[in-house]
Amino acid sequence: EGSGPIWLNGLRCRGTEERLALCRHRGWRPHVCAHEEDASAVCSAAPAVRLVGSAGRCAGRLEIFHAGQWGTVCDDLWGLEDAAVVCRQLGCGAALDAPRAAFFGEGTGPIWLDDVRCQGNESSLLRCPSSPWGHNNCQHLEDAAVVCAGTGDAGTEGAVVGTSSLSPCGGSW
């Protein structure tokens, strides 16, 4: 079950849309639904990424879903080029900052990636060189973060790419 606002209701996709914002729905706004109605969809085999720990949807601690659990990215070598790839991947505009040292709080679980070295033009964080999955010399006080120019509000993709947790309210998609 999720928590917080439920942003979409009555989502109806044909399957050809490039993103959920292009599907028919009842509008991007908080809906009065129960979280026991939350739904999830795995959109690709690539691990999902999300930003957490801030009030906005396009800023926060970077987390990656891999091997069935969410984990973080270490801030060793972390910079604006890496943040730019994440912002692009999430549809959140340009990268404004690449905070280090658990700026948005320490995560839990595994630290999945370390020594990420994006050039800034990659389509996905997973296309950037890094240490192998789960190999790191880090602690969560070194969790990497991202601040993007966009807000992820109405009509844009949310802060999770690869999976989506939305509530269909009323049981239909």
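Not measured: the values here are computed from a predicted model.

1. What about unusual backbone geometry?
In step 1: Positioned with a positive phi, L77 is a non-glycine residue whose angle comes to about 70 degrees.
In step 2: Take L77: it is sitting in the loop between strand 4 (69-73) and helix 1 (80-90).
In step 3: The backbone of A102 shows a phi angle near 50 degrees, a positive value even though the residue is not glycine.
In step 4: Its place among the elements puts A102 in the loop between strand 5 (95-97) and strand 6 (111-113).

2. Points about the packing of aromatic side chains
In step 1: Under the criterion given, the structure shown has three aromatic pairs.
In step 2: When the centroid spacing of 6.0 Å and the interplanar angle of 75 degrees are considered together, the rings of W112 and W133 count as edge-to-face. In this pair, W112 sits in strand 6 while W133 sits in the loop between strand 6 and strand 7 (145-148), placing the two residues 21 residues apart along the sequence.
In step 3: Residue classification places W112 among the buried positions, given a relative accessible area of 10%.
In step 4: Residue placement shows R50 over the ring face of W70; its charged tip is 3.7 Å from the ring centre.

3. Regarding the pattern of salt bridges
In step 1: Tallied over the full model, the rule gives three salt bridges.
In step 2: R61 serves as the salt-bridge partner of E63, at 3.1 Å between the closest nitrogen and oxygen. No difference in accessibility class separates E63 from R61, as the two residues are buried.
In step 3: Residue D75 is joined to R100 by a salt bridge in which the shortest nitrogen-to-oxygen separation is 4.0 Å. Placement of the pair is D75 in the loop between strand 4 and helix 1 and R100 in the loop between strand 5 and strand 6, with a sequence separation of 25 residues.

4. With respect to the nonpolar core
In step 1: Core analysis: the largest hydrophobic core is formed by 24 residues, its most contacted members being L62, V73, W78, V86, V116, L125 and V146.
In step 2: Of all the secondary-structure elements, those providing two or more residues to this core are strand 2 (49-52), strand 3 (59-66), helix 1, strand 6 and strand 7.
In step 3: Counting residues per element, this core draws most heavily on helix 1, which supplies five residues.
In step 4: Excluding anything up to four places from it in sequence, L125 contacts L62, I64, V73, W78, D82, V85, V86, Q89, L113, V116 and C118.

5. Some remarks on the environment of L80
In step 1: Tracing the chain through its elements places L80 in helix 1.
In step 2: Residues L80 and D97, 17 residues apart in the sequence, show an inter-C-alpha distance of 6.1 Å.
In step 3: Leave out the neighbours within four places in its chain, and L80 touches A95, L96, D97 and A98.

6. Here's the deal with a positive patch on the surface
In step 1: Where like charges cluster on the molecular surface, the positive patch consists of R12, R24, R26 and R29.
In step 2: Assignment of secondary structure puts R24 in the segment before strand 1 (39-42).

The rules behind each value
- The numbers attached to residues start from 1 for each chain and follow its sequence in the written order.
- Owing to the predicted nature of the model, reporting of local features is limited to residues with pLDDT of at least 70; listing and counting of side-chain atom pairs is limited to 80 or more, with chain, interface and lining totals taken over all residues.
- Neither water nor hydrogens contribute to the side-chain values; these are computed over all heavy atoms in the structure.
- Only DSSP runs of H or I covering at least 4 residues are called helices, and only runs of E covering at least 2 are called strands; the numbering of each starts at the N terminus.
- Working definition: a ring pair exists when centres of Phe, Tyr or Trp rings (six-membered ring for Trp) sit within 6.5 Å. Plane angles under 30 degrees give stacked, over 60 give edge-to-face, the rest tilted.
- The buried label goes to any residue with under 20% of its type's maximum accessible area, the exposed label to any with over 50%, and the partly exposed label to all in between, with areas taken from a 1.4 Å probe on protein chains only.
- Remark: a charge is flagged as sitting over a ring if the NZ atom of Lys or the CZ atom of Arg is within 6 Å of the ring centre and within 35 degrees of the ring normal.
- Criterion for a salt bridge: a side-chain nitrogen of Lys or Arg within 4 Å of a carboxyl oxygen of Asp or Glu.
- By nonpolar core is meant a set of buried Ala, Val, Leu, Ile, Met, Phe, Trp, Tyr and Cys residues that side-chain atoms within 4.5 Å join together.
- Only heavy atoms enter the contact rule, under which two residues are in contact if any of them lie within 4.5 Å.
- Grouping into patches uses exposed residues only, defined as over 30% relative accessible area, and leaves out salt-bridged ones; the cut-off is 9 Å for like charges and 5 Å for nonpolar side chains (Val, Leu, Ile, Met, Phe, Trp, Tyr).
- Surface accessibility follows the Shrake-Rupley procedure with a 1.4 Å probe radius. Residue values consider only the protein chains on display as shielding.
- In this tally, Lys and Arg are treated as positive and Asp and Glu as negative; His is ignored, and so are the chain termini.
- Charge coordinates come from a single atom per side chain, which is NZ of Lys, CZ of Arg, CG of Asp or CD of Glu.

Treat this as a map of the structure, not an account of what it does.
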